[in-house]
Amino acid sequence: MKKALLIVVALMLTIGLAACGSKNEGSTNSNSQNSGTNNAGAGEALSGSILATGSSALQPLVEQVSKKFMEDAKYAGVTVQVQGGGSGTGLTQVSGGQATIGNSDIFAEEKFTDADADKAKELVDHQVAVVAMATVINKDIAVDNLTKQQLVDIFTGKVKNWKEVGGADEKITIVNRPGSSGTRKTFEKYALGTKSEDVQGSIQEDSSGTVKKLVAETPGAIGYLALSYIDDTVKTVKYEGVEATEANIVSGTYPVWAYEHMYTKGEPDAATKAFLDYMTSDEVQNGDVVELGYIPMNKMQVKRDVDGNITK
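Remember, predicted model here, so these are calculated numbers, not experimental data.

Student: Help me out: how do you make sense of the pattern of salt bridges in this one?
Tutor: Pairing of side chains with opposite charge becomes possible as their charged atoms draw close. Going through the model one piece at a time under the given rule, you end up with 13 salt bridges. Residue E110 pairs with K189 through a salt bridge whose shortest N-O separation is 3.1 Å. Residue E110 is found in helix α4 (residues 108–111), and its partner K189 is found in helix α7 (residues 182–192); the two are separated by 79 residues along the sequence. The class of E110 is partly exposed, set by a relative accessible area of 25%. Residue class for K189 comes out partly exposed when judged on its relative accessible area of 30%. Here D118 and K121 are joined by a salt bridge, their closest N and O atoms 3.9 Å apart. Taken as a pair, D118 and K121 lie in helix α5 (residues 117–122) at a separation of three residues, close to a single helical turn. With respect to burial, D118 and K121 carry one shared label: exposed. Where salt bridges share partners, they join K68, E283 and D288 into one cluster.

Student: Looking at this structure, I do not really get the side chain of K235. What am I missing?
Tutor: With respect to the helices and strands, the residue K235 is situated in strand β10 (residues 235–239). A distance of 3.1 Å separates polar atoms of two side chains, one belonging to K235 and the other to D144. Setting aside chain neighbours within four positions, we find K235 in contact with T135, V136, I137, N138, K139, I141, A142, V143 and D144.

Student: Help me understand the environment of V82, please; the structure alone is not making it clear to me.
Tutor: For V82, the location among the structural elements is in strand β2 (residues 77–85). With 23 residues separating them in the primary sequence, V82 and Q59 have C-alpha atoms 7.2 Å apart. Aside from chain neighbours lying at most four places away, what touches V82 is A52, Q59, V62, E63 and S66.

Parameters at a glance
- Residues numbered from 1 in each chain as written.
- Predicted model: local features only at pLDDT ≥ 70, side-chain atom pairs only at ≥ 80, totals over all residues.
- Heavy atoms only, no water.
- Salt bridge = Lys/Arg side-chain N within 4 Å of Asp/Glu carboxyl O.
- Helix = DSSP H or I, 4+ residues; strand = E, 2+ residues; numbered from the N terminus.
- Buried < 20%, exposed > 50% of the residue type's maximum accessible area, 1.4 Å probe, protein only.
- Polar contact = N/O pair within 3.5 Å; in protein donor to acceptor, adjacent residues only side chain to side chain.
- Contact = heavy atoms within 4.5 Å.

Have a look at this one:
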């Protein structure tokens, strides 16, 4: 009798454990499905930290857009820091892993040449806008146009007085950017057609904002700025009789312009890709890009390669 009772009890325990196992398995499957749903939902709730450094010409756009990006609930978990320092600095830092994005007015191949050429191949180019550079002078200078040769003569120190190029008898003070500046490289390549050495007595500044301030406040001063920095505190000079207008830039009539690049080392991670996609979205291209004086990528009627060759 006892033996039969033990068998019955054992059977009941076996059935009970099987039922619990089935319930637990169902619970596990349910949890697994819920986790999948949460993960799918979290696809938009990205997180991460992005450091974008480099071009001061591109800096105003990246700063403004990054603030809007972080205010968007979809990207609340992503932080974006933006620093200047010049295109050369941005390219060096993204190549070395110190920055997530290297902002640059020049192609990476223009920075990394010869022995460093492999560094350029590691970088992925994300073009987000076009920027034009214009010669700017102190507002009191009575000059409205400068030819290519006149600019070369000024920035190489051959011409030192405004009276030599149609202005008053006043000393020319050059406000230049350092050699690491993409703005300087673009200006030299497409306005001067040659590299220029730093003329004795010239002023050199890392920041485009400081260049603008110095040109505005220094009698006889000349410099160059991205259109995104130009306001009524300085005077813009025509280049070979051509104004730096959007119509002249998109058609290629005005030659002093460059792509704004945001380089990553290899393909970007999810958070960085989301930010770069946001930069090239219609909202930003038709809004912030235009508002800040850049040219949207889709408006350009010409293309330019790393060697400066223009194609329609």
